[in-house]
Amino acid sequence: MEIGKPTVMIADDDPAALDVATRALTEAGYRVVLASDGRRALQEALSQKVDLIVMDVSMPHIGGVEACHCLKAMPKTSKIPVVLMASKKDPASRAIAERTQGSVRILRKPLDPGELVSVVRGLARPRSLL
């Protein structure tokens, strides 16, 4: 791992979304950690040094909203910025994401790689610098 290179966790149960996000962020110079559900996202956030988390609102086991609340309640992860993703086709999920305290931004799915990289550039700072 390069020093000063921010690490972004992408949590989504959709393999295509994980692939798009991984490619876009890797090409932009970020280290990427993946989680396929909210439970795994919580485990990864606790076990790895993650600088930013981007996660889907709707995932199995623990959804993004609940995972965001858990992350913000734990001292070790409370300062990690969280970006939630919600489908354009699911207005209820988007409304829930918009009301979630602790998230700093909401992205629409399907992900636009350029928008994702732009949002990450604005938010991801190595935690060692904070």
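Computed from a predicted model, the values in this text were never measured in an experiment.

Caption draft 1: Structural detail: the environment of Thr-77. Of note, Thr-77 is situated in the loop between α3 (64-73) and β4 (82-87). Relative accessible area serves as the criterion here: at 0%, Thr-77 is assigned to the buried category. Counting along the chain gives 28 residues from Thr-77 to Lys-49, while the straight-line C-alpha distance between them is 9.4 Å. Beyond its immediate chain neighbours, meaning those up to four positions away, Thr-77 contacts Ala-45, Leu-46 and Leu-71.

Caption draft 2: Structural detail: the packing of helix α1 (residues 15-27) against helix α5 (residues 113-123). One can describe the packing of α1 onto α5 by two numbers: an axis separation of 9 Å at closest approach and a directional angle of 55 degrees. By the angle class used here, α1 and α5 are oblique. Regarding α1 and α5, the two cross each other, and that crossing is right-handed. Residue-level contacts link Val-20, Ala-21, Ala-24 and Leu-25 of α1 to Pro-113, Leu-116, Val-117 and Val-120 of α5. Each residue belonging to the contact of α1 with α5 can be placed in one class, and the counts come to 8 nonpolar, no polar and no charged.

Caption draft 3: Here's a closer look at the state of the cysteines. Applying the stated criterion across every chain, the model contains 0 disulfides. Cys-70 provides the cysteine sulfur closest to Cys-68, a residue in no disulfide bond, and the two sulfurs are 9.3 Å apart. A relative accessible area of 28% places Cys-70 in the partly exposed class.

Caption draft 4: How the structure looks around the environment of Leu-42. With respect to the element layout, Leu-42 can be found in helix α2 (residues 38-47). Between the alpha carbons of Leu-42 and Thr-77 there is a distance of 9.0 Å; along the sequence they are 35 residues apart. In contact with Leu-42, not counting residues within four places along its chain, are Ile-62, Ala-67, Cys-70, Leu-71 and Met-74.

Caption draft 5: Expanded view of α2. The complete set of buried residues in α2 reads Gly-38, Ala-41, Leu-42, Glu-44 and Ala-45. Considered in projection along α2, the buried side chains sweep an arc of 165 degrees and stay on one side of the axis. Buried residues in α2 make contact with β1 (7-11), β2 (31-35), β3 (52-56) and α3. The distance from a side-chain oxygen at the start of α2 to the backbone nitrogen of Arg-39 is 3.0 Å, and the residue carrying that oxygen is Asp-37.

Reading the values: the criteria
- Residues numbered from 1 in each chain as written.
- Predicted model: local features only at pLDDT ≥ 70, side-chain atom pairs only at ≥ 80, totals over all residues.
- Heavy atoms only, no water.
- Helix = DSSP H or I, 4+ residues; strand = E, 2+ residues; numbered from the N terminus.
- Buried < 20%, exposed > 50% of the residue type's maximum accessible area, 1.4 Å probe, protein only.
- Contact = heavy atoms within 4.5 Å.
- Axes fitted to C-alpha atoms, helices over the stretch in contact; angles between N-to-C directions.
- Parallel < 35°, antiparallel > 145°, perpendicular 65-115°, else oblique.
- Left-handed = near helix turned anticlockwise from the far one by under 90°.
- Nonpolar A, V, L, I, M, F, W, Y, C, P; charged D, E, K, R; others polar.
- Disulfide = S-S within 2.5 Å.
- Arc of directions from axis to C-beta.
- Polar contact = N/O pair within 3.5 Å; in protein donor to acceptor, adjacent residues only side chain to side chain.

From the geometry alone we can't say anything about function, so treat these as descriptive.
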